[in-house]
Amino acid sequence: MNDAICIVGGGQAGLSIASKLRKLGDQRPITIISSELYPPYQRPPLSKKYLLGDTKKERLFFRPLDWYQGNNVSLKLGATVKSINRENKTVQLETGEIFAYQKLALTTGSNALKLPKKLGGLLPGVYSIKTLNDVDNIKHEFMAGKTMLVIGGGYIGLEAAATANKLGLNVVLVEKENRILNRVAAAATADYFRNLHLSKGVQILESTSLVNLIEKGGRLAGARLSSGETISVDFVVCGIGIRPNDDLAEKAELKVSNGINVNEYCQTSDKDIVAAGDCASFLYKDKLIRLESVQNAIDQGEIAAETIFGNKVSYQPYPWFWSDQFETKLQIAGLNIGFNHTLVRKGRRPGGQSVWYYRDQSLIAVDAMNDGSTYLVVSRLLKMQTNVTPEQADNINFDLKSLLK
Ligand SMILES: Cc1cc2nc3c(=O)[nH]c(=O)nc-3n(C[C@H](O)[C@H](O)[C@H](O)COP(=O)(O)OP(=O)(O)OC[C@H]3O[C@@H](n4cnc5c(N)ncnc54)[C@H](O)[C@@H]3O)c2cc1C
């Protein structure tokens, strides 16, 4: 009988499943199939220390190659699965090679949205930051004195802007919405990061979109903006969002809507197929959501492994996320979905502060900027489901730790 476990996608979630299965004592052979040429690696440093040149490539890999050999986990790299045959329980690669499975895990992640061709998206000098290859291909552009245009004021665009500024580039960031971080954070957090970037000399143009890129002699030369301005540009980093890789699941007629639908056990609409990480959508407070974060990929991966192993452990999201920009470390605890008011609390350290998200009287999330101690207490309180009232949070003399007791 075939007892193989097949994991499609060799990112954070895929590795989390394989590691957890081995921790649980599952002895079945595991194969991780990944389109990328590298064994599973961390993505967060790609827009931070790796791009800056402060982290070596070897440091990005989660496990040494002998971990895979020693744990009977085969890596099939540079291999893309093009179809799933649920009846025969097989997956087929683009090369035609077929792998049989007893249990299948889809951890196909997400891909970066590309700038449309009509705006100049296919010109040389237009990049995304999603994979290790992307960053290796872009690094030669990060030379002092060059001008980089960032399209999109989300975390990845802002991190790339901070890194480029540190390396001595001129940076212009355009955001079509009326403020940066519009989709993911409150105005107070956006204000903090706008001020930080402006103070370092990054130009941030909000309510401004790209009309088109301008080519000269087959190369990128400039950008026309919705403000009517035309600027000279050496290269472009596009940070306009991601979309989940759910096409494979959709073709296999699994339930899909903005990601592969999973229940609290990370099971898809097929009981022998689980999904986890960026590609998986799940119900959270009656809303179908996806989380694009390391913590979610790890936690969902572990739950998916429990399910494959035959346990029933349900997923409780306790999300946290971080971003490093200049000397600021942002740490986010909780999920701000559905907040209706915020307040700002000063931190104990100079320059530290936190933004508290409330739904009525209930605390749902906190963004802590250079305020690790607040982050630590609040993330524990949120896990314990202990509320901090807006009055308590607003009172700098109120000892948050007293609520831990
Ligand atoms: C630049 C950058 C910075 C980030 N910074 C942070 C941060 O500071 N904090 C944080 O919490 N999160 C951060 N994230 C997000 C975080 O890295 C992701 O949420 C996490 O990596 C998701 O893991 P995953 O395993 O779901 O997907 P991925 O890491 O995207 O892995 C999916 C893998 O599946 C492969 N694949 C897809 N389809 C197929 C197929 N058909 N066949 C074979 N292989 C396939 C892909 O090539 C890819 O290798 C960042 C992401 C990026 C890109």
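Refer to the structure above for everything that follows.
Described in the following lines is the structure provided in the data block. All values derive from a computational prediction rather than experimental measurement.

**A look at the overall build of the protein**
Summing up its helical and strand segments, the protein has 10 helices and 26 strands in all. In terms of overall dimensions, the protein is globule-like: its C-alpha atoms have a radius of gyration of 22 Å, near the 22 Å expected for 405 residues. C-alpha atoms of the protein, sized along the principal axes, occupy 65 × 65 × 35 Å. Taking all contacts inside the protein whose residues are at least 6 apart in sequence as the whole, residues at least 24 apart take part in 60%.

**Focus: the packing of helix α1 (residues 12–24) against helix α8 (residues 294–309)**
The N-to-C vectors of α1 and α8 enclose an angle of 45°; their axes lie 7 Å apart at closest approach. Looking at the two axes, α1 sits oblique to α8. Relative to α8, the crossing made by α1 is right-handed. Each of Q12, A13, S16, I17, K20, L21 and L24 in α1 lies in contact with α8, whose residues at this interface are V294, A297, I298, Q300, G301, E302, A304, A305, I308 and F309. Looking at the contact of α1 with α8, its residues break down into 11 nonpolar, four polar and two charged.

**Looking at the sheet that holds strand β6 (residues 98–100)**
One open sheet holds the three strands; their spatial order is β4-β5-β6, and the pairing between them is antiparallel. The sheet is open, and its two borders are formed by β4 (81–85) and β6, each paired with just one other strand. Along the sheet, successive strands turn relative to each other by an average axial angle of 20°, direction set aside. In the sheet, β4 pairs with strand β5 (residues 90–93) via four bridges, with the strands oriented antiparallel.

**Notes on the pairing of β5**
Remark: four residues form the turn of the hairpin made by β4 and β5, two consecutive strands paired antiparallel; K89 in that turn has positive phi of roughly 55°. As paired strands, β5 and β6 are joined by three bridges and run antiparallel to one another. The partner of Q92 across the bridge, within β6, is I98. Between the end of β5 and the start of β6, which pair antiparallel, lie four residues, with G96 showing a positive phi angle near 100°.

**Description of the site of the ligand**
Taken together, 37 residues form the shell around the ligand, and within it G9, G11, R43, G109 and G277 come nearest. Residue classes in the shell around the ligand are distributed as 14 nonpolar, 18 polar and five charged. Counting contributing residues, the shell around the ligand receives three or more from each of domain 1 (5–111 + 243–309) and domain 2 (114–238).

**Overview of the environment of L169**
Along the chain, L169 falls in the loop between α5 (155–166) and β11 (170–175). C-beta crowding within 10 Å serves as the criterion here: with 20 such atoms nearby, L169 is assigned to the buried category. Each C-alpha atom of the pair L169 and G145 lies 4.9 Å from the other, and the pair is 24 residues apart in sequence.

**Focus: the nonpolar core**
V150, A161, V171, V236 and V366 are the most contacted members of the largest nonpolar core, which totals 68 residues. Tallying contributions element by element places α5 first for this core, with seven residues. When sequence neighbours within four positions are dropped, the list of residues in contact with V236 reads G125, V126, Y127, L149, I151, L213 and L220. One finds V73, L104, C266 and A280 within the second-largest nonpolar core, a separate group that totals 44 residues.

**Some thoughts on α1**
Taking 1.5 Å per residue as the helical rise, α1 with its 13 residues ought to reach 18 Å, and the 18 Å between its terminal C-alpha atoms agrees with that figure. Residues of α1 that are buried: Q12, A13, G14, L15, S16, I17, A18, S19 and L21. After α1 finishes, the residue G25 shows a positive phi value of roughly 95°.

Parameters and conventions
- Residues numbered from 1 in each chain as written.
- Predicted model: local features only at pLDDT ≥ 70, side-chain atom pairs only at ≥ 80, totals over all residues.
- Helix = DSSP H or I, 4+ residues; strand = E, 2+ residues; numbered from the N terminus.
- Rg over C-alpha atoms; globule rule 2.2 N^0.38 Å.
- Contact = placed C-beta atoms within 7 Å.
- Axes fitted to C-alpha atoms, helices over the stretch in contact; angles between N-to-C directions.
- Parallel < 35°, antiparallel > 145°, perpendicular 65-115°, else oblique.
- Left-handed = near helix turned anticlockwise from the far one by under 90°.
- Nonpolar A, V, L, I, M, F, W, Y, C, P; charged D, E, K, R; others polar.
- Pairing = 2+ DSSP bridges.
- Near = placed C-beta within 6 Å.
- Domains from an automatic or database assignment.
- Buried ≥ 20, exposed ≤ 12 C-beta atoms within 10 Å, placed from the backbone.
- Core = buried A, V, L, I, M, F, W, Y, C linked by C-beta atoms within 7 Å.
- Expected span 1.5 Å × (residues − 1).

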